[in-house]
Amino acid sequence: MHPTPPGDAPRHPPTRSDVARRAGVSTAVVSYVVNSGPRPVAPATRQRVLDAMAALGYRPNAAARALRLRRATAIGLVVPDVSNTYFGALARELSDRAFTAGYGLLLGDSNNDPERERAQVESLVDRQVDGLIVLSLEPGSTVELRGTPTVYLDQRSRPGQASIVIDNAGGARTAVEHLVGHGRRRIAHLGGLAGAPGADDRARGWREALARAGLESGADLSVQADYSREGGHAAARDLLSRRPRVDAVFVASDVQALGLLRAARELGISVPQDLAVVSFDGTADAVFSDPPLTAVEQPLARIADAALSAVLGQPPPRGRQQIAVDLVIRRSCGCTE
């Protein structure tokens, strides 16, 4: 070890006492500012404390603070697969908005496994998170939440719990009606696996739109796969090899649509000339695919705001809230933008 240079004070992480001395207040006042209570602090005094913390680079001990307050100052999020572009984008949006509100985001990835989902939820509940947001693989999950404010996204929840549901069926109907407007008549559906978030309602919307247009929606026009590029590719190879060939596909997710576009190229099928495509999600995958995907876009900002309001509201809201979606036109459907 090198000796401390003469005249230099030994360096140490700034303490609450250092902040108090610099701001000209007691350590108790610093504590009130850091913990937002229990006693009020005058705005001018609060600002002096915040300025002193910034100048010294003081960081409160989050773990100790959580123990004192019996809360983690964090929101938990559980998603089926964080590598899915939509779930990753949602996590990022929630993280940004939670941070602005003064909360961290703890992420759990269930890897499309209901048992792992339950374990992730239980782990976050054990950490005493301030709220929990779940994209569940099990609409009827009975995992014990122990009073943790919880909202479920895109799935049914237990009676009395909050849920935020995207208008999956309405978005699917809009997508299929757009394809019908292009003169397409054999419109297939590449869907998610039964029970996957949004999958059943998107399939229902596809069937309803075809029925309204007097078009068939038989089993030969439908395939299912997990929400992945690989799943979309394998399902599309099957679907596009059937006869008579389909002339349009409504795809349940952008990541599946990327797999479908690759399968179409491999089979010599031109998009959109031979095959019109509309997907669901509206992520960056839709913007940067070739051709760019016309997509039903989920409004991430509105979803994140609604989810955080549900778990941080006092008292937390109950029941079901539905969020509308929009069709964003690009080239994969045959439009010229």
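Heads up: the structure comes first, above all this text.
Everything numeric in this text was worked out from a predicted model, so none of it was measured.

Participant: Looking at this model, I keep getting lost on helix 9 (residues 229-240). Mind explaining?
Facilitator: In an α-helix, one turn spans 3.6 residues, which is why side chains three or four residues apart end up on the same side. Over its twelve residues, helix 9 runs 16 Å from end to end, which matches the ideal 16 Å to within 8%, given 1.5 Å per residue. Within the span of helix 9, buried status applies to G231, G232, A235, A236, L239 and L240. All buried residues of helix 9 project into a common sector of 135° when viewed along the axis, lining one side. Buried residues in helix 9 make contact with strand 6 (187-192), strand 7 (222-225), strand 8 (248-251) and helix 10 (254-266).

Participant: Looking at this structure, I do not really get the sheet that holds strand 9 (residues 276-281). What am I missing?
Facilitator: Two orientations exist for strands paired in a sheet by backbone hydrogen bonds: parallel and antiparallel. The strand order across the open sheet formed by six strands is 7-6-8-9-10-12, and the pairing between neighbours is mixed. The open sheet has two free edges, formed respectively by strand 7 and strand 12 (326-328), since each of these has just one partner strand. Between one strand axis and the next, the sheet turns through 20° on average, direction left out of account. The pairing of strand 9 with strand 10 (residues 294-297) spans four bridges and is classified as parallel. Bridge pairing links S279 to A295 in strand 10. Against the sheet, helix 8 (residues 199-212) engages strand 6, strand 7, strand 8 and strand 9, with an angle of about 170° to strand 6.

Participant: Could you clarify how one ought to interpret the environment of V271 in this entry?
Facilitator: With respect to the helices, strands and loops of the structure, V271 is situated in the loop between helix 10 and strand 9. For the pair V271 and C333, spaced 62 residues apart in sequence, the C-alpha separation works out to 7.9 Å. Once residues within four sequence positions are removed from consideration, V271 is found in contact with L261, A264, V277, P291 and S332.

Participant: Help me understand helix 3 (residues 43-56) in this model?
Facilitator: A rise of 1.5 Å per residue sets the reference length of helix 3, with its 14 residues, at 20 Å; its end C-alpha atoms lie 20 Å apart and thus fit the reference within 8%. Listed in full, the buried residues belonging to helix 3 are V49, A52 and M53. Mapping the buried residues of helix 3 onto a view down its axis gives an arc of 100°, with all of them on the same face. Among the exposed residues of helix 3, those oriented more than 90 degrees off its buried face are P43, A44 and A54. At its buried positions, helix 3 is contacted by helix 1 (16-23) and helix 2 (27-34). Once helix 3 ends, the next one or two residues include G57, with phi positive near 70°.

Participant: Sorry if this is basic, but what is going on with the sheet that holds strand 5 (residues 162-166) here?
Facilitator: Sheet architecture is open: six strands sit in the order 2-1-3-4-5-11, paired in parallel fashion. Lying at the two open borders of the sheet, with one neighbouring strand each, are strand 2 (104-109) and strand 11 (319-323). Recorded for the sheet is a direction-independent mean angle of 20° between the axes of neighbouring strands. With three bridges connecting them, strand 4 (residues 150-153) and strand 5 associate as parallel partners. Counterpart to Y152 in the pairing with strand 5 is S163. Across the sheet, helix 5 (residues 85-100) is in contact with strand 1 (74-79), strand 2, strand 3 (131-134) and strand 4; its angle to strand 2 comes to roughly 160°.

Participant: Help me understand the nonpolar core in this model?
Facilitator: Side chains of nonpolar character tend, in soluble globular proteins, to be buried together. Formed by 69 residues in total, the largest nonpolar core has its most connected members in I133, I187, L190, V249, L260 and L275. Here the element with the most residues in this core is helix 12 (residues 300-312); it accounts for eight residues. Formed by twelve residues, the second largest nonpolar core is a distinct cluster that contains V29, V34, M53 and Y58.

Participant: When you look at the packing of helix 7 (residues 168-181) against helix 8 in this model, what are you seeing that I'm missing?
Facilitator: Packed helix pairs are specified by the crossing angle of their axes together with the interaxial distance, meaning the distance between the axes. Packing of helix 7 against helix 8 leaves a shortest axis separation of 7 Å and a crossing angle of 40°. Between helix 7 and helix 8, the angle is such that the two are oblique. As helix 7 runs across helix 8, the sense of the crossing is right-handed. Contacts from N168, A169, A172, R173, V176 and E177 in helix 7 reach D201, R202, R204, G205, W206, E208, A209, L210 and R212 in helix 8. Residue composition of the contact of helix 7 with helix 8, by class: six nonpolar, two polar and seven charged.

So, how was this worked out
- Residues numbered from 1 in each chain as written.
- Predicted model: local features only at pLDDT ≥ 70, side-chain atom pairs only at ≥ 80, totals over all residues.
- Heavy atoms only, no water.
- Helix = DSSP H or I, 4+ residues; strand = E, 2+ residues; numbered from the N terminus.
- Expected span 1.5 Å × (residues − 1).
- Buried < 20%, exposed > 50% of the residue type's maximum accessible area, 1.4 Å probe, protein only.
- Arc of directions from axis to C-beta.
- Contact = heavy atoms within 4.5 Å.
- Pairing = 2+ DSSP bridges.
- Axes fitted to C-alpha atoms, helices over the stretch in contact; angles between N-to-C directions.
- Core = buried A, V, L, I, M, F, W, Y, C linked by side-chain atoms within 4.5 Å.
- Parallel < 35°, antiparallel > 145°, perpendicular 65-115°, else oblique.
- Left-handed = near helix turned anticlockwise from the far one by under 90°.
- Nonpolar A, V, L, I, M, F, W, Y, C, P; charged D, E, K, R; others polar.

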